[in-house]
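# Structural overview for review
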Amino acid sequence: MYYIVLGEFAGLFYSPVNWESFIVLCLGNYHYYIPMSSPKESDYQIAGEKKAIKKSIVPIIRIVVKNSKGQKELKGALRISHMIPVPPSELQLYEIENEPDKTYKDLVQNEIIFIRKNQDKILSNAKLLYKQKQKMTYRQDM
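Residues numbered from 1 in each chain as written. Predicted model: local features only at pLDDT ≥ 70, side-chain atom pairs only at ≥ 80, totals over all residues. Heavy atoms only, no water.

## A few points about the overall build of the chain
If you tally the helices and strands in the chain, you get two helices and ten strands. The N-to-C order of helical and strand elements in the chain reads β-β-β-β-β-β-β-β-β-β-α-α. Counting over 142 residues, the chain shows a buried share of 37%. Contacts spanning at least 24 positions in sequence make up 51% of the contacts within the chain whose residues lie at least 6 apart. Surface summary for the chain: the accessible area is close to 9,100 Å², and the carbon and sulfur share equals 53%. (Helix = DSSP H or I, 4+ residues; strand = E, 2+ residues; numbered from the N terminus. Buried < 20%, exposed > 50% of the residue type's maximum accessible area, 1.4 Å probe, protein only. Contact = heavy atoms within 4.5 Å. Areas by Shrake-Rupley, 256 points an atom, 1.4 Å probe, with all protein chains shown as cover.)

## Considering the pattern of salt bridges
Where side chains of opposite charge bring their charged atoms close, a pairing between them can arise. Counted under the stated rule, the structure contains five salt bridges. R79 is the partner of D43 in a salt bridge, and the nearest nitrogen-oxygen pair spans 3.5 Å. Here D43 is found in the loop between β4 (30-37) and β5 (44-47), whereas its partner R79 is found in strand β8 (residues 72-79), with 36 residues between them in sequence. Here D43 matches R79 in class, with each residue buried. Residues K102 and D106 are paired through a salt bridge, measuring 3.1 Å at the closest nitrogen-oxygen approach. Within this pair, K102 and its partner D106 are both found in helix α1 (residues 102-117), separated by four residues, close to a single helical turn. Residue K102 is classed as exposed on the basis of its relative accessible area of 57%. Salt bridges sharing common partners tie together D43, R62 and R79. (Salt bridge = Lys/Arg side-chain N within 4 Å of Asp/Glu carboxyl O.)

## A look at the nonpolar core
Counting 17 residues, the largest nonpolar core has I23, L25, I34, L78, I80, M83 and I122 as the members making the most contacts within it. Tallying contributions element by element places helix α2 (residues 119-141) first for this core, with four residues. Not counting residues up to four positions away in its chain, the partners in contact with I80 are I34, V58, P59, I61, I122, N125, A126 and L129. (Core = buried A, V, L, I, M, F, W, Y, C linked by side-chain atoms within 4.5 Å.)

## Here's the deal with the confidence of the model for the chain
Within the chain, residue pLDDT values average 78, and 77% of them lie at 70 or more. Ranking the elements of the chain by mean pLDDT puts strand β2 (residues 12-14) last, at 46, and strand β7 (residues 60-66) first, at 93. Residue range residues 6-19 is modelled with pLDDT below 50. Its contacts to residues more than four positions away, or to other chains, number 49 contacts. (pLDDT = per-residue confidence, 0-100.)

## Some details on the packing of aromatic side chains
Per the counting criterion, the structure on display carries one aromatic pair. With a centroid separation of 5.5 Å and an interplanar angle of 70°, the aromatic rings of Y32 and Y130 are classed as edge-to-face. Taken together, the positions of Y32 in strand β4 and Y130 in helix α2 put the pair 98 residues apart, joining distant regions of the chain. A relative accessible area of 21% means that Y130 is categorised as partly exposed. Geometry around Y44 places K51 over its ring, the cationic atom sitting 4.6 Å from the centre. (Phe/Tyr/Trp six-rings, centres within 6.5 Å; stacked < 30°, edge-to-face > 60°. Lys NZ or Arg CZ within 6 Å of the ring centre and 35° of its normal.)

Here it is in structure tokens:
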């Protein structure tokens, strides 16, 4: 329901078209949509008798925050491998302070903190995948 523009930070936005959570980053002259997903079973691995959160990899950055007890909690994941171009005309400013659902507002605030702290990693991973896709497209055109 919102997005964050990384690089040239412009604020929080939402898409009235699909009502999903996502971030947008600027690569070259284009804005790319990176979807955020809720935690899934595939984000965990079995470690003995407990489930452990898998480590992030280039195409998937897991949003992990510490709860009030100091334990790690998985809040979602950024699916960089699913990034697509999005026209800025399809986005509208999202005002988090106007969010009536306190639980959702807390979740969004945790995600925003994580994204801002990990902005360099997100941009680096996205640029790496972007370059790989460009090379693949170039090779297919030959």
